[in-house]
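# Analysis of the macromolecular model
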Amino acid sequence: MLLDIRALTVEVEGKEVLKGVNLQIDQGETHVLFGKNGSGKTSLLMTIMGFSGYKVKEGSIFFKGEDITNFPINERAKRGMGMSFQRPPTIKGVKTMDLIAIFNSDEKSVAEAAESLELTAFLDREINRGFSGGEIKKSELLQLMTQNPDLILLDEPESGVDLENIAVIGRAIKKLLQKNLRRLRVNAGLVITHTGLILNYVEADRGHLLLDGRMRCEGNPREMFATIQKSGYEVCARCQK
Ligand SMILES: Nc1ncnc2c1ncn2[C@@H]1O[C@H](COP(=O)(O)OP(=O)(O)O)[C@@H](O)[C@H]1O
Ligand SMILES: [Mg+2]
């Protein structure tokens, strides 16, 4: 098991945002996380990545068989975890290229990745400064493509992105998570989506529904999304799987 989350209870600013969450992701699998606004989806990703402010009250997180529950972010990144943010910060004084150069010194592969996302002109710009919503999302993906982590956490990668750029982003995510010919994938992913558009691009293996900090359903991601679209989150939660 690549990621094994056991009975995780998490507090933010004194508020319980995750209540006994279990989640297992095997190597090469892509999982999709659904849930209303405020359900705790972002909190789950931030806790997996290890951001301070997300206090683990109970339970544990295992990554590659190691208990990383109390590890700092950099140690998790070093072990092969990466994340794209729902709302990443602007970092003045640091060029996008300067950040990428820290984890990837192969200029050719960085240039290719930037080209594929139509971001070549952005490498010299300060991180997210003056970027549009879509450009920010693409820059997040560029950082992930050049970091190439084993577990990729994506927080609403398509939100605020126009239709043409959704195709660009979709193809980039597909490349990050695609299975090879023997259907063996190296990278695993956990993707939060509201629109479900990402399901058109990635071969998602499993879906999860998080509501009010609890996992309420697990199943086929396409079926779950269809149910949510037709009848809402509560009906999906009733399947009790
Ligand atoms: N830093 C914070 N301070 C106070 N409340 C927070 C903080 N971060 C998240 N929350 C609260 O935790 C709940 C879950 O938030 P979040 O994980 O962002 O949900 P989602 O991503 O599913 O929309 C929400 O009620 C939100 O207001
Ligand atoms: Mg969120």
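Scroll up to find the structure.
Our subject in this report is the structure included herewith. Along every chain, residues carry numbers that run from 1 in the direction the sequence is written. Naming scheme: in the order in which they are written, chains are lettered from A and ligands are numbered from 1. In keeping with the model being predicted, local features are shown solely for residues with a pLDDT of at least 70 and side-chain atom pairs are shown and tallied solely at 80 or more, while totals for entire chains, interfaces and linings include all residues.

## Quick word on the pairing of strand β10 (residues 188-192)
The buried fraction of β10 is high, at 5 of 5 residues. Along β10, one buried face is formed by A188, L190 and I192 and the opposite face, lined by G189 and V191, is buried too. Our exposure labels follow a C-beta count within 10 Å of each residue's own C-beta, placed from the backbone: buried means 20 or more other C-beta atoms, exposed means 12 or fewer, and partly exposed covers the counts in between. Secondary structure counts use DSSP, requiring at least four H or I residues in a row for a helix and at least two E residues in a row for a strand, with both numbered from the N terminus.

## A closer look at the site of ligand 1
Any residue whose C-beta atom, as placed from the backbone, lies within 6 Å of a molecule or strand is termed near it. Residues in close proximity to ligand 1 total 13 residues, the closest being E13, S39, K41, T42 and S43. Among the secondary structure elements, those contributing two or more residues to the shell around ligand 1 are β2 (15-25) and α1 (41-49). Under this grouping Gly is polar, as are all residues other than the nonpolar Ala, Val, Leu, Ile, Met, Phe, Trp, Tyr, Cys and Pro and the charged Asp, Glu, Lys and Arg. Classifying every residue of the shell around ligand 1 by side-chain character gives 2 nonpolar, 8 polar and 3 charged.

## A short note on the sheet that holds strand β6 (residues 81-84)
Note: two strands are recorded as paired if DSSP finds a minimum of 2 bridges between them. Reading across the sheet, the 6 strands line up as β6-β9-β10-β3-β11-β12 and stay open at both edges, with mixed pairing between neighbours. The sheet is open, and its two borders are formed by β6 and β12 (214-219), each paired with just one other strand. Each strand axis lies, on average, 20° off the axis of its neighbour in the sheet, ignoring direction. Of the pairings in the sheet, the one linking strand β11 (residues 206-211) to β12 comprises 5 bridges and is antiparallel in character. When the sheet's bridge partners are listed, G207 is paired in β12 with G219. As a rule, the C-alpha atoms of each element are fitted with a line to give its axis, helices using only the stretch in contact, and angles between N-to-C directions run from 0 to 180 degrees.

## Observations regarding the nonpolar core
Working definition: the nonpolar core is a set of buried Ala, Val, Leu, Ile, Met, Phe, Trp, Tyr and Cys residues, joined through C-beta atoms within 7 Å. Core analysis: the biggest nonpolar cluster contains 57 residues, and L141, L153 and I173 have the highest contact counts within it. Examining the composition of this core, we find that 6 residues originate from one element, helix α6 (residues 163-177), more than from any other. Note that contacts rest on C-beta atoms placed from the backbone: two residues are in contact if these are within 7 Å. Among all residues touching I173, those that are not within four sequence positions of it are L141, L154, P157, I198, Y201 and V202.

## Observations concerning the environment of C236
Note on placement: C236 falls in helix α8 (residues 233-237). Looking at C236, the number of C-beta atoms within 10 Å reads 25, which means it is buried. The sequence separation of C236 and R216 amounts to 20 residues, and the corresponding C-alpha distance is 8.3 Å. Those residues in contact with C236 that lie beyond four places of it in its chain are L209, C217, M224, T227 and I228.

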